Amino acid sequence: MDSLLTYAAPGDAPLMQRVPVLLPMLLDTTFDYLVDDDVDAAPGTFVRVPFGPQERIGIVWDRRIDTSSKPVDEAKMKALIRAHDVPPLPEISMRFAEWVARYTLTPLGMVVRLMMSANAAFEYQRPRMGVRLIGPPPPRLTPGRERAIAAATDGNIRPKASLARDADVSTAVIDGLVKSGTFVQSEMPDAGFPFPDAEHAIPEFAEQQDQAAETLRSAIRGKNFSVSLLDGITGSGKTEVYFEAAAECLRQGRQVLIMLPEIALTGQFVARFEKRFGCRPLEWHSAISQGERGRIWKAVASGEAQAIIGARSSLFLPFHDLGCIIVDEEHENAFKQEDRVTYQARDMAVVRGHLGKASVVLASATPSIESQVNARDGKYRHIRLTERYSDAELPEITAIDMRKDPAPRGRWLSPVLVDAITETSRKGQQSLLFLNRRGYAPLTLCKSCGHRIDCPQCSAYLVEHRFRGRLTCHHCGFNTPLPRTCPKCGDQDSMIPCGPGVERVAEEVRDIWPDARLAILSSDLTPGMSEMRDILAAITAGEADIIIGTQIVAKGHHFPHLATVGVVDGDLGLGQADPRAAERTFQLLAQVTGRAGRTGTEGRGLIQTHLPEHPVMQATISGDRELFLEREILQRQVAVYPPYGRLAALIVSAKMKPAAEDYARLVARSAPPATSIMVLGPVEAPLAIIRGRHRFRILIKAPREIDLQAYLRGWLDNIPPAKGDLRLQVDVDPYSFL
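The structure displayed is predicted, hence computed values, not measured ones.

Criteria and cut-off values
Residues numbered from 1 in each chain as written. Predicted model: local features only at pLDDT ≥ 70, side-chain atom pairs only at ≥ 80, totals over all residues. Heavy atoms only, no water. Helix = DSSP H or I, 4+ residues; strand = E, 2+ residues; numbered from the N terminus. Rg over C-alpha atoms; globule rule 2.2 N^0.38 Å. Buried < 20%, exposed > 50% of the residue type's maximum accessible area, 1.4 Å probe, protein only. Contact = heavy atoms within 4.5 Å. Areas by Shrake-Rupley, 256 points an atom, 1.4 Å probe, with all protein chains shown as cover. Lys, Arg positive; Asp, Glu negative; His and termini not counted. Charge placed at Lys NZ, Arg CZ, Asp CG, Glu CD. 1 Å grid on protein atoms, 1.4 Å probe; cavity = no way out; pocket = protein on both sides within 12 Å on 5 of 7 lines; lining within 4 Å. Points joined across faces, edges and corners; volume = space filled by probe spheres on them. Nonpolar A, V, L, I, M, F, W, Y, C, P; charged D, E, K, R; others polar. Salt bridge = Lys/Arg side-chain N within 4 Å of Asp/Glu carboxyl O. Pairing = 2+ DSSP bridges. Axes fitted to C-alpha atoms, helices over the stretch in contact; angles between N-to-C directions. Expected span 1.5 Å × (residues − 1). Parallel < 35°, antiparallel > 145°, perpendicular 65-115°, else oblique. Left-handed = near helix turned anticlockwise from the far one by under 90°.

1. Structural notes on the overall build of the protein chain
- The helix and strand tally for the protein chain stands at 19 helices and 30 strands.
- The C-alpha atoms of the protein chain give a radius of gyration of 29 Å, which matches the 27 Å a tight globule of 738 residues would have.
- Overall, the protein chain is about 95 × 85 × 65 Å in size when its C-alpha atoms are taken along their principal axes.
- Going through the 738 residues of the protein chain one by one, you find that 52% of them count as buried.
- Pairs at least 24 residues apart make up 74% of the contacts formed inside the protein chain by residues separated by at least 6 positions.
- Accessible area for the protein chain stands at about 33,000 Å²; split by element, carbon and sulfur atoms hold 50% of it.
- Side-chain charges of the protein chain comprise 88 positive and 90 negative groups, with the mean position of each set lying 4 Å from the other.

2. Regarding the layout of surface pockets
- Quantified by volume, the second largest pocket comes out at close to 850 Å³.
- For the lining of the second largest pocket, the secondary structure elements donating two or more residues are helix 7 (238-251) and helix 8 (266-277).
- Counting residues per element, the lining of the second largest pocket draws most heavily on helix 8, at 6 residues.
- Counted by class, the lining of the second largest pocket contains 10 nonpolar, 14 polar and 11 charged residues.

3. Quick look at the pattern of salt bridges
- For the coordinates displayed, the defined rule picks out 43 salt bridges.
- One salt bridge connects glutamate 626 with arginine 376, and the closest N-O pair in it is separated by 3.4 Å. Of the two residues, glutamate 626 is situated in helix 17 (residues 625-639) and arginine 376 in helix 11 (residues 369-376); the sequence distance between them amounts to 250 residues.
- Assessed through its relative accessible area of 34%, glutamate 626 is described here as partly exposed.
- The exposure class assigned to arginine 376 is partly exposed, which follows from its relative accessible area of 38%.
- Residues glutamate 661 and arginine 665 are paired through a salt bridge, measuring 3.0 Å at the closest nitrogen-oxygen approach. One end of the pair, glutamate 661, and the other, arginine 665, are both in helix 18 (residues 657-669), 4 residues apart, so they sit about a helical turn from each other.
- Overall, arginine 665 belongs to the partly exposed group, its relative accessible area being 40%.
- Among the charged side chains, a network of salt bridges with common partners joins Glu199, Asp210, Glu214, Arg217, Arg221, Glu244, Glu248, Arg251 and Arg276.

4. Focus on the sheet that holds strand 28 (residues 678-690)
- Across the sheet, which stays open at both edges, the 4 strands sit in the order 28-29-27-30 with antiparallel pairing between neighbours. The open sheet is flanked by strand 28 and strand 30 (727-732), the only strands paired with a single partner. Mean inter-strand twist for the sheet, computed between neighbouring axes without regard to direction, equals 20°.
- The sheet contacts of helix 19 (residues 708-716) involve strand 27 (645-654), strand 28, strand 29 (693-703) and strand 30, and relative to strand 27 the element is tilted by about 30°.

5. Things to note about helix 8
- Here helix 8 contains 12 residues, and its C-alpha end-to-end distance of 16 Å stays within 8% of the 16 Å for a straight helix at 1.5 Å per residue.
- Within the span of helix 8, buried status applies to Thr266, Gln268, Phe269, Val270, Phe273, Arg276 and Phe277.
- One or two positions beyond helix 8, positive phi appears at glycine 278, with a value near 85°.

6. As for the side chain of threonine 472
- Mapped onto the secondary structure, threonine 472 falls in strand 20 (residues 470-472).
- Residues contacting threonine 472, with those up to four places away along its chain left out, are Leu462, Val463, His465, Phe478 and Asn479.

7. So, the packing of helix 7 against helix 8
- Put simply, helix 7 and helix 8 touch, their axes get as near as 11 Å, and they point 55° apart. The pairing of helix 7 with helix 8 is recorded here as oblique in orientation. Two packed elements cross with a definite hand, and for helix 7 against helix 8 that hand is right-handed. For the pair helix 7 and helix 8, the contacting residues are Thr239, Glu240, Tyr242, Phe243, Glu244, Ala246, Ala247, Leu250 and Arg251 in the first and Phe269, Arg272, Phe273, Arg276 and Phe277 in the second.
- Tallied by class, the residues present in the contact of helix 7 with helix 8 amount to 8 nonpolar, 1 polar and 5 charged.

Written as structure tokens, this is what we have:
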């Protein structure tokens, strides 16, 4: 192996090793460093090295990656500062990082950066301190002190804040008891991580579920790579079925990863996991504190952590022995990472499973076209669940033709939908109104001069958020107070909202049903994850009559009291210049209406549309998914779109439009000639400006059998590098066409 080259230094200096180190930077090369022969610097070791005037943490790689630099004179080489006392990066993780880098055309250092996303794992962690009861009560005993002492009589060491909360006192009371000698500060023991029990609560399945569960268990027992598409209608018990795959993996002593598209789903999911396995899984997402991330990262690398649920980034954790990867709601666009390293986590999960001989389970009520085709072609095992759990029936879906039954002027809910919700409320059941548009109104304009308020940094209109009294850009985050006068003509009180957002629908609901208990699920209106979970728990407990939400409500939630779902604007996603627009709309409508009637309640879905004759609407209303799939798959074949063709996008951006356009044209002119590859553009992106940067797109379209990455590498190697503020982003398999 060429990672350790030993040589004798001049004089009596000890033998030194020369090791390649990969740094988590925008680089695609390793750097050689020296280390004493008696220092363990095996491949995968995390080390601190000098890099220019700074110190950085890198990884000893198991081969040199250097295609351009000349060998460095050993006399000029620098030595490692130290090795970090953390578990090494497994070899499978190295191969996975290299595969992702090659496929996405991303510098390897940036992919490795994803695997080092827990900074606290490499830093000194001060001991966690708590307090415990050791001495007699102080002479002056207040009611608060009495409560604190009573709460600590078990003798356990507890965090000061936790003890104060349980005793309903301030932390100053605890400090006073420490000062008096009643309490003493002690180092908190490491609680370790719970081990899920595969035998804790084995469920009783219906026959179809039992067969599906056994198929998954059999795949796990094989200890070989496999992919299973668990394709079950809403409410069919997919989660309980794939839990059996997780249980079989845990019986083997291997690790399980369950990926969810939204961290908002983790609250209900954790409760279901705990009910099945007797303990909570570890969570990995952006809401986890840095200290806890470091703790979990180390536990995953050592094998101490057995079950992880997480967002797409959890796939890059350094698993010790990953035996099963479950991708829930596999069709969701949220699994596509758009920044820095652009990857599709569902597809990368399949790659990670192949490298580690793990079983992969893709679960959805509306699987992606890509997964459907792979199942039809025999690449994936196809497991169908066509019956709802406990004999519950699928909701009846109806289209409300807004040309025949329009909403009253100034309103957004058709009388047909209003009557349905009124009837549902009369029965003591819940209704859900779905609109995939945040805020109060998507556009604010002046009724006097027609001026529209747009974002100064993006080519997008500002969205009115009336509850906060702000106009906000949903692309860059810019916000400003609602103006009282028109910025253009100066007329006072002339600014009016156009179109509905969830806040405007909520206003209408309060006007029509003033006594209804209302719950709004929108990322703009919920300050944090704990508040989101509180709202979801209240809905589940039946403490809301009418729920209003954006697409967050369509992602796997179980609302037992929900009987009626109303889609405010069913046509919203159909007008997009996106090859997946029809598929996404069908999935979204099927998922959100599928929330109704899941626990024996008769459910129904009503979709407000101006296009009831559209094939997507017809398939949704009839429930004939196969008809929709056949039509959509045929269109993809004819157009040579994924999965029958391949796409890549080159996005050029700069602060000045001419610079971006000129460089984009230079890039396009440099495309190597190829008879089977189409290069389209450059054209100004639909969202031409984001965060003050002008954007131009080039779309590359190729047959499936073409090595598109090789073509792109040859192309990009022959163009001048982007300089100054110019940026060139490569997006292989794009999911956004904005």
